[in-house]
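Working through the structure, step by step
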Amino acid sequence: MTLTVEQAGRALADPKAYADDRRLHDALTLLRREAPVHRVEAPGYDPFWAITRHADVLEIERAHDLFLNAPRPLLATSELDKLNRERAAQGIALRTLIHMDDPDHRVIRAIGADWFRPRAMRALEPRVRELAKRYVDRMVDLGGECDFAQEVSVHFPLYVILSLLGLPEGDFDRMLTLTQELFGGDDGDRRRGQSNEDKLQVLLDFFAYFKELTEARRAHPTGDLASAIANARVDGEPLNEFDTASYYVIIATAGHDTTSATIAGGLHALVANPRELARLRADPALMPLAVDEMIRWTTPVKEFMRTAVRDYELRGVTIREGDSLLLSYPSANRDEDVFDDPFRFDAGRDPNKHLAFGFGVHYCLGAALARIEVRAFFEELLPRLRSIELAGEPEGIATTFVGGLKRLPVRYKIT
Ligand code: HEM
């Protein structure tokens, strides 16, 4: 059956489409070609414009004074959008960097920014390498076969980010469950329950944990990122309870599933492309390029949204004031106008102007850290890897937000 543009547009609001790479990319390729600025009316969702070309995603991100993150920073059902608006009006909603615009965004982003600069990254790198080794050793302990997504890649980035925050290892399992419940989004296997109340409860559990943390770090600052957030002052005042908790939530969540998805997706790409694996092993200097190709290939963040503050003309289409736009990163990263042979995994791709980290004022705060983590992991794994193959069908996560592989069964020999 031939796919119509309308069906392709609706796939963007269908979590299951994201678990099926082929289905997703058939839809995105059609939209890029036939309707790059396409209005989507999907049941259960407020309408939005799907922006699928690389150049257009860039144009919208650049014009951050015309296209705001608030009030609809990411795709949610109409029901959840409404609930979020009500909670925001009562001052009990999550208010992270991705929910904010200038001037607040600039001030709040600056609180954490130093922790992600090259100096801080250099200081953290030995710990990242130690953790990478721990997880490759774990693969050895697992006896030559494992579900890489469930047993390895999901843990390593969480440990890194919790180390950066300065949380005790004893709390890591609890954080793993909470971040997955919050981010698993639409995937039944990862969700605590079906209802909006269940989602709210996960958020409240997060807040309760971080409230305790804030109090502890205010009483006894320990020189970690959690202390910097707890003791930050804006106009001489500490952040309120929700803004503090929101900061922890964005760091803990944004820094976790994204990088796990890249490591699992990157390994899958190498297994599926043995020549690229051999090329990378033969020439380890390619690693930085390979890391960015893994990030482009997996594009773990599927979308962010913007809202127009005034009418705007894009490719001859009039976007009206108040309209929402969905920036499709997986689509931008397969754009034929920007990437040669975009559906080929090329470990040495150069240039590679992918938009997986977004662009402009909201550009991913953790991009350098993510690159260090992915690189450290594969620099530890590849020299020790004797062989690797699939031991079952990989399975994707059904989510319109952050996703990748939920299962990656592999069989391997590692020294
Ligand atoms: C924002 C992707 C890893 C923290 C973002 C954005 C994207 C993204 C697309 C939104 C950019 C925009 O709106 O233009 C990714 C990918 C990652 C990754 C693909 C891994 C491969 C990390 C890590 C951290 C992190 C390790 C560490 C804490 C953040 C934060 C923001 C953000 C705090 C909000 C920035 C803002 O709104 O000013 N990320 N991210 N991310 N990311 Fe990442």
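Everything that follows concerns the structure shown earlier in this document.
To keep things clear, this report deals only with the structure shown in the data block. Since we're looking at a predicted model, the values are computed, not measured.

Below, the discussion takes up the overall build of the chain. Of the regular secondary structure elements, the chain holds 17 helices and 14 strands. Against the globule reference of 22 Å for 415 residues, the chain gives a C-alpha radius of gyration of 21 Å, in line with a compact fold. Reported as C-alpha extents along the three principal axes, the dimensions of the chain are approximately 60 × 60 × 40 Å. Counting over 415 residues, the chain shows a buried share of 45%. Put simply, of all contacts in the chain between residues at least 6 apart along the chain, 73% involve residues at least 24 apart.

Our next topic: the site of the ligand. Close contacts around the ligand come from 29 residues, with Gly255, Gly358, His362, Cys364 and Gly366 the closest. Breaking the shell around the ligand down by element, the ones donating at least two residues are helix H12 (241-254), helix H13 (257-272) and helix H17 (367-384). Its residues placed into classes, the shell around the ligand shows 19 nonpolar, eight polar and two charged.

Taken in spatial order, the three strands make up an open sheet running E4-E14-E11, and their pairing is antiparallel. With one partner strand each, in any of the chains shown, strand E4 (145-147) and strand E11 (385-390) form the two edges of the open sheet. Each adjacent strand pair in this sheet contributes to an overall mean axis angle of 25 degrees, direction not counted. Here E11 pairs with strand E14 (residues 409-414) via five bridges, running antiparallel. If you follow isoleucine 388 over to E14, its bridge partner there is tyrosine 412.

Parameters at a glance
- Residues numbered from 1 in each chain as written.
- Predicted model: local features only at pLDDT ≥ 70, side-chain atom pairs only at ≥ 80, totals over all residues.
- Helix = DSSP H or I, 4+ residues; strand = E, 2+ residues; numbered from the N terminus.
- Rg over C-alpha atoms; globule rule 2.2 N^0.38 Å.
- Buried ≥ 20, exposed ≤ 12 C-beta atoms within 10 Å, placed from the backbone.
- Contact = placed C-beta atoms within 7 Å.
- Near = placed C-beta within 6 Å.
- Nonpolar A, V, L, I, M, F, W, Y, C, P; charged D, E, K, R; others polar.
- Pairing = 2+ DSSP bridges.
- Axes fitted to C-alpha atoms, helices over the stretch in contact; angles between N-to-C directions.

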